[in-house]
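Examination of the molecular architecture
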Amino acid sequence: MAKTYAAFYLPPEEKETKQPDQKNVDRIKKSISSALRNAKQSVLNFDVNDIARNMDLQSNTEFVQRYAVGALSKIINNEPVTNKTMLDSLFNTYAPALNAGLAQTGFNSLVELKNAVETGNGNINVANFVQGFSNGLSIVQNNAVENDYRSKYGEEIPIDVVIDLNYNYSLKTPSQEVPEVNELFEKYVPNLAPIKLTLKASVVNENAELWNINDFSAKIVDIMTNKVYVTVRIGKSIYENCIISTYNPTITSIYKIDFSSEIILEHNTLSPAYKEGQNQIMNLKPPVCDYVKFDYNVACKEVYKGIMS
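Each residue is numbered by its place in its chain's sequence as written, counting from 1. Selection of residues for local features in this predicted model requires a pLDDT of at least 70, selection of side-chain atom pairs for listing and counting requires 80 or more, and totals for whole chains, interfaces and linings are taken over all residues. Excluding hydrogens and water, the side-chain values take into account all heavy atoms of the structure.

Moving on: the overall build of the protein chain. The helix and strand labels rest on DSSP assignments: H or I over at least four residues marks a helix, E over at least two residues marks a strand, and numbering proceeds from the N terminus. Scanning the protein chain from N- to C-terminus turns up 11 helices and 11 strands. Relative to its full complement of 309 residues, the protein chain shows a buried share of 39%. Whether two residues are in contact is decided by their heavy atoms: any pair within 4.5 Å suffices. Of the contacts made within the protein chain by residues no fewer than 6 positions apart, 69% connect residues no fewer than 24 positions apart. Residue exposure (1.4 Å probe, protein chains only): buried if accessible area is under 20% of the type maximum, exposed if over 50%, otherwise partly exposed.

Have a look at this one:
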């Protein structure tokens with residue numbers, strides 16, 4: 001896993017996630033739905049609610065939205081968009097979304113598409129344009145959420161090179177046979193111990209200033225002192241709810257600091273990872289077990305010779 005970009009993330013400050021204004025969403029839906037009813041051709045696979053929400057989230061003012069929706073309504077009805085304010089409101093405000101769905105429209109550039117929209121004369125395949133715009137809005141919105149690690153996970157403490165990553169799974173077992181009766185099994189067999197990751201990595205000190213290295217170490221020690229849960233990212237694998245239990249830095253040269261760190265995962269078992277955008281979330285969840293009622297969030301008492309201490 002050498003040369004894998006990684007990072008620790010401190011918990012982000014609590015802040016409100018931007019929500020669409022329902023009044024604006026309803027207005028956009030009403031205008032587009034009206035245009036769709038009047039359209040001379042069918043526009044397939046098109047979710048009016050999704051496009052209304054995304055248009056509201058990706059524009060700054062209601063004024064711009066109104067003109068952009070007006071332009072979109074004309075396009076749906078195969079009419080030229082000659083009003084410059086309408087045209088600019090659509091193409092300037094929603095350029096990222098239009099660009100993301102450009103291939104679906106059959107045009108090579110936004111300039112060509114804009115000229116075709118302004119001219120009209122049946123140059124636009126309405127179904128392809130609307131579907132491409134809708135898909136582009138979704139792509140832009142998803143990317144804004146998925147790729148912004150800092151907004152989701154908090155302050156980033158970057159790690160330049162991951163040298164080694166080891167997993168340690170352990171389970172204490174009694175030294176005498178335990179009857180396979182539910183209530184006894186639960187008492188005498190403890191749960192899987194918290195999973196421990198041992199991370200060896202390097203941080204580059206580009207400016208050759210010792211305070212940079214000390215600042216990096218101070219943040220890690222502060223996390224440990226305050227027992228703060230952190231997120232650890234290694235490449236595109238993200239481990240949530242982690243505790244840094246040890247941190248051992250070594251200054252190998254003025255330009256680099258090597259360190260090893262033991263990281264404890266919150267729960268005592270791993271569920272299968274799941275995909276979120278380009279990332280793989282190594283989420284830590286207790287398994288669902290109908291026949292044995294384990295409390296996976298509470299540490300079991302130590303077991304010695306089959307007797308609970």
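Here the narrative resumes, following the displayed structure.
Moving on, we get to unusual backbone geometry. Despite not being glycine, Lys 227 shows a phi value in the positive range, around 50°. Topologically, Lys 227 is positioned in the loop between helix H11 (210–225) and strand E5 (230–234). For Asn 241, which is not a glycine, the phi torsion comes out positive at approximately 60°. Residue placement: Asn 241 occurs in strand E6 (residues 237–253).

Looking only at helix H7 (residues 110–119), the buried set comprises Leu 113, Ala 116 and Val 117. Projected down its long axis, H7 carries its buried residues within an arc of 100°, all on one side. Among the residues trailing H7, Gly 120 stands out with phi positive, at a value near 75°. The arc under discussion is defined with respect to the helix axis, by the directions toward the C-beta atoms.

This next bit is on the packing of helix H4 (residues 84–93) against H7. The angle between the axes and the distance between the axes are what describe a pair of packed helices. Contact geometry for H4 and H7: axes closest at 11 Å, N-to-C directions at 155°. Relative to H7, H4 is oriented roughly antiparallel. In the packing of H4 onto H7, the handedness of the crossing is right-handed. The residues of H7 that touch H4, namely those facing Leu 87, Asp 88 and Phe 91, are Leu 110, Leu 113, Lys 114, Val 117 and Glu 118. Put simply, Ala, Val, Leu, Ile, Met, Phe, Trp, Tyr, Cys and Pro go in the nonpolar bin, Asp, Glu, Lys and Arg in the charged bin, and everything else, Gly too, in the polar bin. For the contact of H4 with H7, the per-class residue count stands at 5 nonpolar, no polar and 3 charged. Note on geometry: axes are C-alpha line fits, over the in-contact stretch for helices, and angles between N-to-C directions span 0 to 180 degrees. These descriptions rest on fixed angle ranges, namely under 35 degrees for roughly parallel, over 145 for roughly antiparallel, 65 to 115 for roughly perpendicular, and the rest for oblique. Crossings are assigned a handedness: left-handed for a near helix turned anticlockwise from the far helix by less than a right angle, right-handed for a clockwise turn.

So, about the confidence of the model for the protein chain. If pLDDT is low for a region, its predicted coordinates should not be looked at in detail. Mean pLDDT over the protein chain stands at 76; residues scoring 70 or higher make up 71%. pLDDT: the predictor's confidence for each residue, scored from 0 to 100. Here residues 286–309 scores under 50 on pLDDT; set against residues more than four positions off or in separate chains, the count is 38 contacts.

Looking now at the packing of aromatic side chains. Classification of ring pairs uses Phe, Tyr and Trp, with its six-membered ring standing for Trp, and accepts pairs whose centres are within 6.5 Å; under 30 degrees between planes counts as stacked, over 60 as edge-to-face, and the remaining range as tilted. In this structure the tally under the stated criterion is 7 aromatic pairs. Judged by centre distance (6.5 Å) and plane angle (55°), the ring pair of Phe 216 and Tyr 247 falls under tilted. Residue Phe 216 is located in helix H11, and its partner Tyr 247 is located in strand E6; the two are separated by 31 residues in the primary sequence. By relative accessible area, which is 11% here, Tyr 247 ends up buried.

In this fold, Arg 233 is placed in strand E5. Judged by relative accessible area, Arg 233 falls into the buried class, the value being 5%. Linking Arg 233 and Tyr 5, residues 228 residues apart in sequence, is a C-alpha distance of 8.4 Å. Here a polar contact is recorded for every N or O atom pair within 3.5 Å, except that within protein the pair must consist of a potential hydrogen donor and a potential acceptor, and residues adjacent in sequence are included only if both atoms are side-chain atoms. Among the polar contacts made by the side chain of Arg 233, one reaches the side chain of Tyr 9 at a distance of 2.9 Å.

In terms of residue burial, E5 counts as a mostly covered element, since 5 of its 5 residues are buried. Where burial is concerned, the two faces of E5 agree: the one with Val 230, Val 232 and Ile 234 and the one with Thr 231 and Arg 233 are both buried. Both strand E1 (residues 6–9) and E5 contribute to a ladder of 4 bridges, which runs antiparallel. Of the residues in E5, the one forming a bridge with Ala 7 is Arg 233. Strand pairing is defined by DSSP finding a minimum of two bridges between the two strands. By the bridge criterion, 4 bridges tie E5 to E6 in an arrangement that is antiparallel. Considered in E6, the bridge of Val 230 is made with Cys 242. Between E5 and E6, which pair antiparallel one after the other, the connecting turn spans 2 residues, and Gly 235 there sits at a positive phi close to 65°.

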